[in-house]
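Architecture at a glance
So the chains spell out like this:
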Amino acid sequence: MANEISLKQRKTSKKSNEVSKLSEADLADSINSSIIAKREVGDGAAAENEVEYDKNTDHKDELEKPIRSIYFRIEIDVVFLLLLLLALATRLYKLEEPNYIVFDELHYGRYVTLYTKGIFFFDAHPPLGKQLLYLAGQWAGYNGNFTFDRIGSPYSDSVPIRALRLVPAVCGSLLVPVTYQLMLEICTYQFTAILAAALVLFENCFLAQSRFMLLESIQILFGLWGLLCIIKSSRKTGAASVIWLCVGAFSLGCCFSVKYSGLYTYYLATFLVGRQMWQLIGKIKSMLKLFLSCLWRFLILICIPLAVYISVFYAHLNMLPKAGPHDSVMTSAFQASLQGGLASITRGQPLHVSHGSQITLRHSHGRTCWLHSHAHVYPVRYADGRGSSHQQQVTCYSFKDVNNWWIVKRPEQSSLAVSQPPDVIRHGDVVQLLHGITSRALNSHDVAAPVSPQSQEVSCYIDYNVSMQAQNLWRVDIVNRETEESTWDSIRSLVRLVHVDSGSALRFSGRQLPSWGFHQHEVVADKAISHQDTLWNVEEHRFTKAEDRRERERELVTAEMIPTTTPRLSFWDKFLELQYKMITHAPDAPVGHMFASEPAEWPLLVRSIAYWLSPDSNAQVHLIGNLVTWYAGTISVLFYGVLLAVYAIRQRRAYQDLSPRASHKFYESGYILFLGYWLHYLPYFFMDRTLFLHHYLPAYIFKILLLSYVIDHVYYILGARENSKSFSHIFILCVIIWLSYVMIAFKKFSVLSYGNTDLTENDLLNLRWKDTWDFIIHKKT
């Protein structure tokens, strides 16, 4: 009984405390309401009891406030770390083997050597990848004294081959965990992301491409990391979104600063940002806010990559101040700005072309050659039966020669000696050009050119005492003039020589003459005077001193130029010219390589590439893919395309096959992976140049990721329906068995990726799963 009374008392006390606390809370609410009411009707000043209450509240908060400190919370993705370690183990294993020049290491090694010596070189791709290789060589103490002469040559001890191969190897290793992170961002499960990373890890073509001084692994890493950052930016808001977008834009700039094929990844990222902006149109009501949101994103996506690209070339041009073997590709002004080379010949020569100037005229666009003539004449009749003028041949010759010299002459003056002061030639002046050795004048007339009959023939006039008269007057049109009174200057003036009688311009046609023209290039007079091949510039220049012809010829043969200061070009002049030359020389890539392949052959892995063959055994390196993954990836692209069409048609007929979340994942993968594959693959069908299997690798990485997603999607479809749930377990078992075959094939073909195993003839025949694979076999005697 006492216990019951005690229990009742405790309950009563508890209720009393609760009522008391409630009353205090009500009182506080009442006070706050009173304060707010006073604020609303007052003059804005704090009431007396309001200030006092705030002081008490602040004091109470200070007593209850915990002591603050600075904390760092680090989260480690164990799967990411494990994938990275596995990738490093496979890519760095015996990296210095084989100790021979492997495939394109021949070119990139030369570029590293030229960087080390500061000698200018020309390449059709941007220089960032080559600069990274150079930095690795400098870190390892490479002195640049090794000659990269041919594929298969052994490296000397002076070449830090492991360090030079380390940059692609590390990039190829990072590609595996970055693939994992990218798939996690594309709304997939962790299992799917691990599967995608495993397929990249166990892919022989990525293994081989990562172990040598090659650039694809660097380019693909920058591209995928840039896409990952772009996707993360679209998931974030505020400062985090800006930071991720800036990092992504920087990485994408690096991507196409390694190889121009990285532009396809940049286009994909631009599409994703544009799609995000399209979605925001329906969410942001304020037009100003929408405009600003679009503006800052696209400014970042344009300005940062462009700044990276320009900075890379700024470093490139500053690192290469000396003349080198590729100078002839550039204009005379560019060559003259380099230390040595053309500058040692042209510096100190007169600036202004005058009556009596001895000059060489260089074709300024595309192929390098000089206006040339010699004592031989055009044949009376060509192979097609057309007749010629039988005059002295005029050609464009690709080498320096005494027959490249011409003398500028005023038509009304007979003397060729330069007067004092010199009679300067200006824009619009009419001149004659006398060939220095033969003294015959440059001429054109209404006779069809030998190889380009739609244009006029150009010759040096021979007086046969027949009805054909001399038509040897040419008007000087200075294209890059500043005023109408501009002087014709050596090196820097781009001129167009317009034939006065016909109005045609002197043009390099780009075609070669037959054997009677010594296979030199044809020069014609063409009505299309604004064509880029009608531009010429004076490269070498000196004044005529002697009136006697024999003495003048002796001067032309023996004279040397007087050395003096080097002309200067600004960075922007050099940068823009280099961009132009890289574009115009892209079609000049070598053709007819024995391991070349066509884009239509790539999805079926019809051809491989022999990278290296041991001189002593059958050990060799081949760029060859994991056939199990390769064909499964090709099937997945076709399967996804079919699903895309089926879902679209059924959706139009009001069938909902997927849940909203699954539908979002399906189309998100399509926007990124399916589109990414075709965007990196289709352009090669329109390229008129020699192509290799390694050009397919940027597209192939997207195909592998799409394959992983297709497996994920099929599993979802099987598990989403009651009547097919039982098949989902069978499907998982099939995937595991298939993945085991992927690893078996990877292990089997890894001997062709490492190149450090001596293979027998039977070993190679067992690896030749397709008849079109070009394996090389040394038959041992």
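Residues numbered from 1 in each chain as written. Predicted model: local features only at pLDDT ≥ 70, side-chain atom pairs only at ≥ 80, totals over all residues. Heavy atoms only, no water.

**Some details on the pairing of strand β3 (residues 392-397)**
Of all 6 residues making up β3, 5 are buried, and the element is well covered by its neighbours. Bridging between β3 and strand β11 (residues 521-526) involves 2 bridges; their strand directions are antiparallel. Bridge pairing in β11 links C396 to H521. (Buried < 20%, exposed > 50% of the residue type's maximum accessible area, 1.4 Å probe, protein only. Helix = DSSP H or I, 4+ residues; strand = E, 2+ residues; numbered from the N terminus. Pairing = 2+ DSSP bridges.)

**Notes on the nonpolar core**
Among the nonpolar cores identified, the biggest contains 150 residues, and F206, L224 and L673 are the most heavily contacted of them. With 14 residues, the single largest contributor to this core is helix α19 (residues 697-720). Once residues lying within four places of it in the same chain are set aside, the contact partners of F206 are R91, V200, I220, L697, Y700, I701 and I704. Grouped together as the second largest cluster of nonpolar side chains are 29 residues, V458, V476, V495 and L497 included. (Core = buried A, V, L, I, M, F, W, Y, C linked by side-chain atoms within 4.5 Å. Contact = heavy atoms within 4.5 Å.)

**Overview of helix α3 (residues 78-91)**
The first and last C-alpha atoms of α3 sit 20 Å apart over 14 residues, in line with the 20 Å expected at 1.5 Å per residue. Buried residues belonging to α3 abut α6 (161-185), α7 (190-201), α8 (204-210) and α21 (751-754). N-cap assignment for α3: the residue whose side-chain oxygen lies 3.1 Å from the backbone N of V79 is D77. (Expected span 1.5 Å × (residues − 1). Polar contact = N/O pair within 3.5 Å; in protein donor to acceptor, adjacent residues only side chain to side chain.)

**Looking at the packing of helix α5 (residues 128-139) against helix α12 (residues 287-319)**
Relative placement of two packed helices is described by the angle separating their axes and the distance separating the axes. One can describe the packing of α5 onto α12 by two numbers: an axis separation of 10 Å at closest approach and a directional angle of 55°. By the angle between their axes, α5 is oblique relative to α12. When the axes of α5 and α12 are compared, the crossing they make is left-handed. The residues of α12 that touch α5, namely those facing L128, Q131 and Y134, are V312, A315, H316 and M319. In the contact of α5 with α12, the residues fall into 5 nonpolar, 2 polar and no charged. (Axes fitted to C-alpha atoms, helices over the stretch in contact; angles between N-to-C directions. Parallel < 35°, antiparallel > 145°, perpendicular 65-115°, else oblique. Left-handed = near helix turned anticlockwise from the far one by under 90°. Nonpolar A, V, L, I, M, F, W, Y, C, P; charged D, E, K, R; others polar.)

Honestly, it's all geometry; don't read function into it.
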